[in-house]
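# Fold and geometry: a report
Chain by chain, the residues:
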Amino acid sequence: MLYANYLKMHLKSSFQYRYNMMFISFNQVLINISEVLAVYLLFKQFDSVAGWTFYQSLIMMGIVYTVYSLTECFARGYDEFPKLIQSGELDRFLIRPVNIHYQIFGSKIEFSKLGRVALGIVISIIAFLNVDIEWTALKVIVLIATYVCGIFVIFGLFVLSAGISIYTIENLEFLNIITNGSKELAYYPINIYAKWLTTIFTYIIPIACFNYLPLSYILEIGTIPAWLCATAPFFGMLFVIPCIIFFNLSLRKYKSSGS
Amino acid sequence: MVRIIEFTDICKNFKVPERNKGRFSMFKNFFMRKHKIIQALKDVTFSIDEGDIVGYIGPNGAGKSTTIKIMSGILTPSSGTCIIDGLVPWKNRKKFVKNIGVVFGQRSQLWWDVPIIDSFNLLKDIYKIPDDEFKQTLEVLNKALNLEELLGRPLRQLSLGQKMKCELAGALLHRPKILFLDEPTIGLDAVTKLAVRDFIKYINQQWHTTIILTTHDMSDIEALTNKIILIGKGQILYQGNFDSIKNKYSSIKTIEIEFAKEYDTIELEGYEVVSHNKKFATLKNLPTTEFHTKNFVNKISQKYEIIDFQVNNLSVDEILARLYKEYKL
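Note that the structure is a prediction, hence the values are computed from the model and not measured.

On to the sheet that holds strand E2 (residues 34-49) of chain B, then. Residue and element names in this part refer to chain B. Pairing is antiparallel in the open sheet, where 3 strands are placed in the order E2-E1-E4. In this open sheet, the two strands that pair with only one neighbour each are E2 and strand E4 (79-84). Sheet twist, expressed as the mean angle between neighbouring strand axes with direction ignored, is 25°. Each of strand E1 (3-18), E2 and E4 is contacted by helix H2 (residues 64-71), which is oriented at about 120° to E1, the strand it contacts most.

Shown next, in the form of structure tokens:
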């Protein structure tokens with residue numbers, strides 16, 4: 001299978017620089033641990049933020065780390081799309097008898113991000129163990145949907161910024177606000193932010209759909225109706241659809257205007 | 001002869017942002033971009049037969065890359081029709097690109113850190129080449145290009161010439177009907193250049209591959225092509241065989257002369273002095289003068305004492321330079 005072959009190639013490449021890769025992984029884990037510490041210190045001051053305890057919001061952080069890094073690992077090609085344009089790789093993709101998205105996925109697989117995925121999982125497990133939850137089958141389903149939704153939304157953001165970069169060509173920093181900014185925002189319960197920010201990150205970029213809302217349901221906190229919180233991740237997944245449509249339209253524009 | 005590429009009245013316009021100058025220009029550029037339309041191709045029409053080796057030449061910025069991009073389906077033209085092997089390149093892309101191979105002289109499709117053979121195997125998957133066909137093709141390419149010892153090494157360890165050989169092989173693994181070569185001999189040493197040329201000819205004969213190459217190396221054109229297409233400022237200026245262009249300029253000769261003593265100035269009616277250094281000079285007959293050895297010797301020996309002279313035809317590069325000049329490129 002072609003994708004397996006891509007995986008093999010990226011593994012071989014990164015093993016050429018295995019110390020480098022190990023160092024990057026380690027480095028990223030360190031940075032993220034310091035982020036966790038920052039959140040811990042914040043909660044030490046206030047005990048709870050917007051009704052959430054330290055461990056409760058740690059679950060949120062763990063989910064964000066996991067889904068973000070997992071998406072980064074496998075969909076890095078979209079994140080670094082301007083490079084693909086500049087280096088002419090995109091032109092190369094267009095003259096191969098394989099779907100463009102397939103090739104973008106194959107173009108970059110960054111195994112060093114898996115260090116952060118592991119960290120995310122470890123954090124989540126620690127957090128879940130320190131929180132009282134009455135688990136039901138429905139809650140498990142919602143939790144799984146939360147992870148899937150997270151991956152879809154982050155992926156959608158990557159695709160969106162890739163699509164925008166076709167118009168701007170340069171790797172504009174503001175595109176990072178979309179991806180990284182959304183991620184940083186998702187570390188905390190979304191109701192601590194201003195009303196308009198909450199609205200944007202619930203209905204437009206549905207960050208809340210894979211942390212605040214489903215976790216409110218699972219942890220049984222907050223005042224939003226439970227059925228809404230439970231179904232939120234399923235709606236959030238839909239975000240990826242317009243992103244892909246936008247990207248495909250942008251690509252059509254690329255083909256008529258070149259770089 | 002079967003027509004394989006039919007390019008009819010292709011136009012391509014690009015919208016290019018116009019930069020404001022002066023104060024706050026950065027902000028102005030950011031918020032209010034003015035655009036101007038640049039015509040990259042104007043009514044480009046040509047056709048190529050199956051099995052041709054075509055030299056696509058023209059100065060930098062003439063529209064060569066744009067044409068190649070349209071032919072390979074990367075760009076869609078603003079107007080006009082293009083039919084290649086019965087298909088429109090920018091429609092049914094996947095079906096079309098199976099029949100073409102492209103080598104961009106300056107960039108690689110092979111992986112930097114991974115042995116060449118692995119990159120080839122990836123291409124095998126990408127083009128869904130059956131095992132036995134892949135083996136067979138690789139054997140042919142191996143023999144013709146001496147790849148054997150290169151296949152196990154990663155791209156980063158290869159010299160420029162070795163890279164180009166692998167690049168060519170990579171583009172041919174799926175046995176495309178049409179091969180586009182963008183400056184395939186750029187930067188290569190003489191031996192490798194000849195090897196690459198031989199290979200291109202070999203493939204053309206062996207597989208009847210139609211080859212379109214862009215180059216600035218006129219010896220490539222002379223050694224390989226049976227047809228040239230000359231483009232300048234987005235328009236086709238000439239298409240046909242190279243010999244007829246050569247014949248057009250064959251009446252112009254350069255004459256290198258060695259004099260018996262040093263002259264301060266050299267002047268000869270009907271001839272242009274190209275260079276003059278003490279006892280040596282190079283002359284060129286003006287278009288109005290037909291070169292005739294006997295007349296020339298008579299004429300020059302009346303004015304100057306000469307020891308030796310040599311008559312040359314214009315080099316291919318000079319012919320092209322003249323051609324560009326003639327078309328004001």
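The next thing to look at is the interface of chain B and chain A. Facing 32 residues of chain B, the contacting portion of chain A comprises 30 residues. Contact with chain A buries surface across chain B, with Ile74, Arg93 and Ile126 of chain B losing the most and accounting together for 22% of the total. Taken together, the links from chain B to chain A amount to 2 salt bridges. Linking chain B with chain A are 11 residue pairs in polar contact (both at pLDDT 80 or more). Taken together, the elements giving at least two residues each to the side of chain B that touches chain A come down to E1, helix H3 (93-97), strand E5 (100-104) and helix H4 (116-126) of chain B.

With that out of the way, let us pick up the pattern of salt bridges. In a structure, side chains of opposite charge can pair up when their charged atoms sit close to one another. Evaluation of the coordinates by the stated rule reveals 20 salt bridges over all chains. Here Arg76 of chain A makes a salt bridge to Asp79 of chain A, at a shortest N to O gap of 2.5 Å. Here Asp79 of chain A and Arg76 of chain A lie together in helix H3 (residues 54-79), a separation of 3 residues that amounts to about one turn. Its relative accessible area of 13% is what places Arg76 of chain A among the buried residues. Here Arg197 of chain B ties to Asp217 of chain B by a salt bridge, and the two come within 4.0 Å at their closest N and O atoms. Highlighted residues: Arg197 of chain B in helix H7 (residues 190-207) and Asp217 of chain B in the loop between strand E7 (210-214) and helix H8 (218-224), separated in sequence by 20 residues. Accessibility classification places Arg197 of chain B together with Asp217 of chain B in one group, the buried group. Via salt bridges that share partners, Glu72, Arg76, Asp79, Glu80, Lys83, Lys108, Glu110, Lys113 and Arg116 of chain A belong to a single interconnected network.

How each quantity is defined
- Residues numbered from 1 in each chain as written.
- Chains lettered and ligands numbered in written order.
- Predicted model: local features only at pLDDT ≥ 70, side-chain atom pairs only at ≥ 80, totals over all residues.
- Heavy atoms only, no water.
- Pairing = 2+ DSSP bridges.
- Helix = DSSP H or I, 4+ residues; strand = E, 2+ residues; numbered from the N terminus.
- Axes fitted to C-alpha atoms, helices over the stretch in contact; angles between N-to-C directions.
- Contact = heavy atoms within 4.5 Å.
- Buried area = accessible area lost by both parts, 1.4 Å probe.
- Salt bridge = Lys/Arg side-chain N within 4 Å of Asp/Glu carboxyl O.
- Polar contact = N/O pair within 3.5 Å; in protein donor to acceptor, adjacent residues only side chain to side chain.
- Buried < 20%, exposed > 50% of the residue type's maximum accessible area, 1.4 Å probe, protein only.

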